[in-house]
Amino acid sequence: MSGKAIKITDTTLRDGQQSLIATRMTTEQMLPILEKMDNVGFYALEVWGGATYDACLRFLNEDPWERLDKIRAICKKTKLQMLYRGQNMLGYRSYSDDLVSGFMECAIEHGIDIVRVFDALNDPRNLEVAIKAINKAGGHAQSCISYTISDVHTIEYFANYAKTLESLGSDSICIKDMAGLLVPNTATKLVKAVKEVTKLPLHIHCHCTSGLADITYIRAIEAGADAVDTAMSPFALGTSQPATEVITEVLRDTEYDTKLDKNLLLEICDYFRPMREEAIASGLLDTKVLGVDISALVYQVPGGMLSNLISQLKQQNAIDRFQEVLKEIPRVRADLGYPPLVTPTSQIVGTQAFLNVMAGERYKMVSNETKDIARGMYGQTPSPISDEIRKKIIGDEIPITVRPADLLEPEFETMRQEIKAYAESREDVYSYAMFPKVTEEFLKNRFAAKHKIDLNHLENNDGAYPMG
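Note that the structure is a prediction, hence the values are computed from the model and not measured.

Examining the overall build of the protein
Here is step 1 of the chain: For the protein, the helix and strand inventory stands at 21 helices and 8 strands.
Here is step 2 of the chain: Compactness check: the protein gives a C-alpha radius of gyration of 22 Å against a globular reference of 23 Å for 468 residues, within 12% of the reference.
Here is step 3 of the chain: In terms of its C-alpha atoms, the protein occupies a principal-axis envelope of roughly 65 × 55 × 45 Å.
Here is step 4 of the chain: Burial analysis of the protein (468 residues in total) assigns 58% to the buried set.
Here is step 5 of the chain: Counting contacts in the protein only where the partners sit at least 6 residues apart, residues at least 24 apart contribute 75% of the total.
Here is step 6 of the chain: Put simply, the protein shows about 19,000 Å² of open surface, and 50% of that area lies on carbon and sulfur atoms.
Here is step 7 of the chain: One finds the centroid of the 52 positive side-chain charges in the protein at a distance of 2 Å from the centroid of its 65 negative side-chain charges.

So, the pairing of strand E4 (residues 114-117)
Here is step 1 of the chain: The alternating pattern of E4 places Ile114 and Arg116 on one face and Val115 and Val117 on the opposite face, and all of these are buried.
Here is step 2 of the chain: Bridge analysis of strand E3 (residues 79-84) against E4 gives 4 bridges, and the strand direction is parallel. Looking at E4, one finds that leucine 83 is bridged to arginine 116.
Here is step 3 of the chain: The handedness of the E3 to E4 crossover, carried by helix H5 (residues 97-109), is right-handed.
Here is step 4 of the chain: Across 4 bridges, E4 lies against strand E5 (residues 140-146) in parallel orientation. Looking at the pairing, isoleucine 114 lines up with histidine 140 of E5.
Here is step 5 of the chain: The handedness of the E4 to E5 crossover, carried by helix H6 (residues 128-137), is right-handed.

Thoughts on helix H16 (residues 368-375)
Here is step 1 of the chain: Those residues of H16 not exposed but buried are Thr370, Ile373 and Ala374. Down the axis of H16, the buried side of the element spans an arc of 100 degrees, and every buried residue falls inside it.
Here is step 2 of the chain: Contacts from the buried residues of H16 go to helix H15 (345-359) and helix H17 (387-394).
Here is step 3 of the chain: In the segment just after H16, glycine 376 is the residue with positive phi, at about 85 degrees.

Examining the packing of aromatic side chains
Here is step 1 of the chain: Under the criterion given, the structure shown has 16 aromatic pairs.
Here is step 2 of the chain: Where tyrosine 271 meets phenylalanine 272, the ring centres are 5.4 Å apart and the plane angle is 80 degrees; that geometry is what we call edge-to-face.
Here is step 3 of the chain: Assessed through its relative accessible area of 26%, tyrosine 271 is described here as partly exposed.
Here is step 4 of the chain: Linked through ring pairs, Trp48, Tyr53, Trp65, Tyr84, Tyr92, Phe103, Phe412, Tyr430 and Phe435 together constitute an aromatic cluster.
Here is step 5 of the chain: The cationic tip of arginine 24 hangs over the ring face of phenylalanine 59; the distance from NZ or CZ to the ring centre is 3.6 Å.
Here is step 6 of the chain: A cation over an aromatic ring shows up here: lysine 176 above the ring of phenylalanine 118, its NZ or CZ 5.0 Å from the ring centre.

Description of helix H10 (residues 244-251)
Here is step 1 of the chain: All of the buried residues along H10 are Thr244, Glu245, Ile247, Thr248 and Leu251. Looking straight down H10, one finds its buried side chains confined to an arc of 170 degrees; they lie on one side.
Here is step 2 of the chain: Of the residues one or two after H10, aspartate 253 is the one with positive phi, at around 65 degrees.

Digging into the sheet that holds strand E8 (residues 227-230)
Here is step 1 of the chain: In spatial order, the strands read E1-E2-E3-E4-E5-E6-E7-E8; together these 8 strands close into a barrel with parallel pairing. Put simply, the sheet's adjacent strands are angled 30 degrees from each other on average, direction ignored.
Here is step 2 of the chain: Here strand E1 (residues 7-10) runs beside E8; their pairing, made up of 4 bridges, is parallel. Looking at E8, one finds that threonine 9 is bridged to aspartate 229.
Here is step 3 of the chain: Sitting on the sheet, H6 touches E3, E4 and E5, and the angle it makes with E5 is about 155 degrees.

A short note on the layout of surface pockets
Here is step 1 of the chain: Counted as a void, the second largest pocket has a volume near 240 Å³.
Here is step 2 of the chain: Looking at the second largest pocket, it is lined by 13 residues, and the ones nearest its centre are Gly379, Gln380, Thr381, Arg390 and Ile400.
Here is step 3 of the chain: Looking at the lining of the second largest pocket, its residues break down into 6 nonpolar, 5 polar and 2 charged.

Definitions and limits used
Counting from 1, residues in each chain are numbered in the order their sequence is written. pLDDT decides what is reported in this predicted model: residues at 70 or higher carry local features, side-chain atom pairs at 80 or more are listed and counted, and totals for whole chains, interfaces and linings draw on all residues regardless. Neither water nor hydrogens contribute to the side-chain values; these are computed over all heavy atoms in the structure. Strands are runs of DSSP state E lasting at least 2 residues, helices are runs of H or I lasting at least 4, and numbering of each runs from the N terminus. All radius of gyration figures rest on C-alpha atoms, and the globule criterion is 2.2 Å times the number of residues raised to 0.38. Partly exposed residues are those whose accessible area sits between 20% and 50% of the maximum for their type, while under 20% is buried and over 50% is exposed, using a 1.4 Å probe and protein chains only. Whether two residues are in contact is decided by their heavy atoms, any of which lying within 4.5 Å being enough. Computed with the Shrake-Rupley method and a 1.4 Å probe, the accessible areas treat only the protein chains shown as cover for residues. Just so you know, the count uses Lys and Arg for positive and Asp and Glu for negative, and it drops His and the chain ends. Here the site of a charge means NZ on Lys, CZ on Arg, CG on Asp, or CD on Glu. Between any two strands, pairing holds if DSSP finds at least two bridges. The path from the first strand over the helix to the second decides the hand: if it runs clockwise while the strands point away from the viewer, the crossover is right-handed. Arc, as used here, means the arc of the directions from the helix axis to the C-beta atoms. Think of it this way: a Phe, Tyr or Trp ring, Trp meaning its six-membered ring, pairs with another when their centres are within 6.5 Å, and the plane angle makes it stacked under 30 degrees, edge-to-face over 60, tilted otherwise. Counting as a charge over the ring demands two things of the Lys NZ or Arg CZ atom: a distance within 6 Å of the ring centre and an angle within 35 degrees of the ring normal. A fitted line through C-alpha atoms serves as each axis, taken over the contacting stretch for helices, and the angle formed by two N-to-C directions is quoted from 0 to 180°. Points on a 1 Å grid, built from protein atoms alone, make a cavity when a 1.4 Å probe fits but cannot get out and make a pocket when they are open with protein on both sides within 12 Å along at least 5 of 7 lines; residues with an atom within 4 Å of a point are the lining residues. Grid points are joined across faces, edges and corners, and a volume is the space filled by probe spheres set on the points. Gly counts as polar in this scheme, as do all residues outside two lists: the nonpolar Ala, Val, Leu, Ile, Met, Phe, Trp, Tyr, Cys and Pro, and the charged Asp, Glu, Lys and Arg.

The quantities given are spatial measurements derived from coordinates; they are silent on function.
Below you can see the structure in the form of structure tokens.
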């Protein structure tokens, strides 16, 4: 497929900042540069979803829906993209179908054009409802192959999964390499295999953790990929994506020329550079995440998961046991049926490896989330969990084999009733459904400020001021 301009999705405002500065970029920091980013010629801007929703409420005292509205009001030319975890929405468990569908409808109404949807186990049953909802609302459903390495995850496995994603109603496919595991030669084979079995556009998303992503992108493009993800250089590389300016220059004056405005790219880079320097000075951007770590190919640990592990070990004054935990991760992952390490499975595997090491005995302490994987509550694992391991984790419980959400009753109305004292919209209810404690605190603060009520008084009269 020669002679085609490669499309670029810029991730600076979502995955770039999520990977490097823990998703702490505020809406006010984004707004001044949006017009220029809208005029460069990007295929899409990834601006929402992933961890941004949680971070807005938890750390920034922002309403994520207001952020999306403000971005959409400025970006008139470029498609806006979000990341969605299928049946896990933007949270960490399976949610009911009415929540999954309603949220998608709402997000597209607020201006999202492309919904990149994935499942941590590559269980297509966890994508069906989201894809149908995206189709119905007139959005573009870009379904992901969560890429990983194991004996189970062959080229044939991924190609078959791509065919399944197409049959579900996907508009395009993304190979999502969240841990920087896709090596150049494999990228060539994988892209060709997927292109042979589906006619859908193919997007490549890699992280630079192992140092291979730039070369992998070029090989993937030469093999027939249609688009790649990049971030502006101040928020690129390390555990983020390849740099937008670099990839566009590599492709400039070739048959794959992106045609992006070089001068505007430089202006955008100049805007973000001081933000990066401030993040380094404050410690928000830890330079450890900027290096190349080829051990990622062995341990398969995404950057965000790595920082979580370090934090857990520091809290227990056990940072000296870091290597032990790192080596335990592949063993836990094999025990749990080789799940790709992406939210939420990355956190689950990492936490269980931590517990195994700290307890001095494997599966002496087991997290509820690990138990739920063994119970089948997250879906079907790529490889079966052995009877021996399952017994250690959940005893004689019999795991489910149905789609996890089939066991859930509709939840929206229940959630609405629980938070009706402070919720002003269905958007508030979705926030509460995914992050109940954080959202309740956010909504109470907003309510108190709006009605000039002392928050302490409000706490003592919980529910006494219902919204009209």
